[in-house]
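Now for the letters of each chain:
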Amino acid sequence: MLIKEIAVYVNILNSKIKKCFIDRLQKNEINITPEQFLVLDILWEKQSLSQQNIADIIQKDKNSVTKIIDSLEKKNLVRRVMDKKDRRIKKIELTDEAVAMEKITTEVAINFMNNVIKGIDNKDLDNYVKVMHQLNDNLETE
């Protein structure tokens, strides 16, 4: 029964976090999805990555990442640039518009997650992270 409860709650929590984060972004007039935020957040840190690198980091297939990047490109938040060392690779880079929205978007995301974890002791959060890492490691060896 515990196994079923864990599986159900992981799924419910994932769905709720996405829905609530979408609402928070919309309330702050930030026109991106949680998946688009993940890609932008990585690029805010790394500046430029190949589509495959992005797919590997966010654990999504290349086709899904292509759709996310296409939509970010339509919103003028990223651009595809030919890699100078390997012309077969296109790097994904931020536009000035995406750079300009980093501070407020990151602030909204941090405030959102602070509300999600409010009232939970840091020790419990540390244990939660350890358990999540172990679950991930177990899936990696599956």
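Quick notes on the rules
Residues numbered from 1 in each chain as written. Predicted model: local features only at pLDDT ≥ 70, side-chain atom pairs only at ≥ 80, totals over all residues. Heavy atoms only, no water. Salt bridge = Lys/Arg side-chain N within 4 Å of Asp/Glu carboxyl O. Helix = DSSP H or I, 4+ residues; strand = E, 2+ residues; numbered from the N terminus. Buried < 20%, exposed > 50% of the residue type's maximum accessible area, 1.4 Å probe, protein only. Phe/Tyr/Trp six-rings, centres within 6.5 Å; stacked < 30°, edge-to-face > 60°. Pairing = 2+ DSSP bridges. Axes fitted to C-alpha atoms, helices over the stretch in contact; angles between N-to-C directions. Contact = heavy atoms within 4.5 Å. Core = buried A, V, L, I, M, F, W, Y, C linked by side-chain atoms within 4.5 Å. Parallel < 35°, antiparallel > 145°, perpendicular 65-115°, else oblique. Nonpolar A, V, L, I, M, F, W, Y, C, P; charged D, E, K, R; others polar.

Structural notes on the pattern of salt bridges
- In the structure shown here, the tally under the stated rule is six salt bridges.
- Of the charged contacts in the structure, one is a salt bridge between Lys-19 and Asp-23, with a shortest N-O distance of 3.4 Å. Here the residue Lys-19 and the residue Asp-23 both occupy positions in helix H1 (residues 2-27), the gap between them amounting to four residues, near one helical turn.
- Overall, the relative accessible area of 53% leaves Lys-19 in the exposed class.
- Of the residues examined, Asp-23 reaches a relative accessible area of 31% and is grouped as partly exposed.
- Between Arg-79 and Glu-93 there is a salt bridge whose closest N-O contact spans 3.8 Å. Pair noted here: Arg-79 is in strand S2 (residues 78-82) and Glu-93 is in strand S3 (residues 90-94), with a separation of 14 residues, a long-range link.
- Judged by relative accessible area, which is 25%, Glu-93 ranks as partly exposed.
- Through salt bridges that share partners, Asp-70, Glu-73 and Arg-80 make up one connected network.

Thoughts on the packing of aromatic side chains
- Counted by the stated rule, this structure contains three aromatic pairs.
- For the ring pair Phe-21 and Phe-37, a centre distance of 5.3 Å and an interplane angle of 80° mean the geometry is edge-to-face. Of this pair, Phe-21 sits in helix H1 while Phe-37 sits in helix H2 (residues 34-46); the two residues are 16 residues apart in sequence, bridging distant segments of the chain.
- When its relative accessible area of 11% is taken as the criterion, Phe-37 is described as buried.

Comments concerning the sheet that holds S3
- Taken together, the three strands give an open sheet; going across it, the order is S1-S3-S2, and neighbouring strands pair in antiparallel fashion. Looking along the sheet, the strands with just one partner apiece sit at the ends: strand S1 (48-50) and S2. On average, each strand axis in the sheet is tilted by 35° relative to the strand beside it, whichever way the strands run.
- The pairing of S1 with S3 spans three bridges and is antiparallel. Within the sheet, the bridge partner assigned to Ser-48 lies in S3 and is Glu-93.
- Across the sheet, helix H3 (residues 51-58) lies against S1, S2 and S3, angled at about 90° from S1, the strand it touches most.

What about the nonpolar core?
- The biggest cluster of nonpolar side chains holds 27 residues, and the ones touching the most others in it are Ile-32, Leu-40, Leu-43, Ile-54, Leu-72 and Val-78.
- Looking at this core, the elements that each hand over two or more residues are H1, H2, H3, helix H4 (62-74), S3 and helix H5 (96-117).
- It is H2 that provides the largest number of residues to this core, a total of six residues.
- Among all residues touching Leu-43, those that are not within four sequence positions of it are Ser-48, Leu-49, Ile-54, Val-78, Ile-92 and Leu-94.

Comments concerning the packing of H2 against H4
- Look at H2 against H4: their axes get within 10 Å of each other, and the N-to-C directions meet at 85°. Considering their axes alone, H2 and H4 lie roughly perpendicular with respect to each other. Between H2 and H4, the residues in contact are Glu-35, Gln-36, Val-39 and Leu-40 and Ile-68, Ser-71 and Leu-72, respectively.
- Within the contact of H2 with H4, the residues separate by chemical class into four nonpolar, two polar and one charged.

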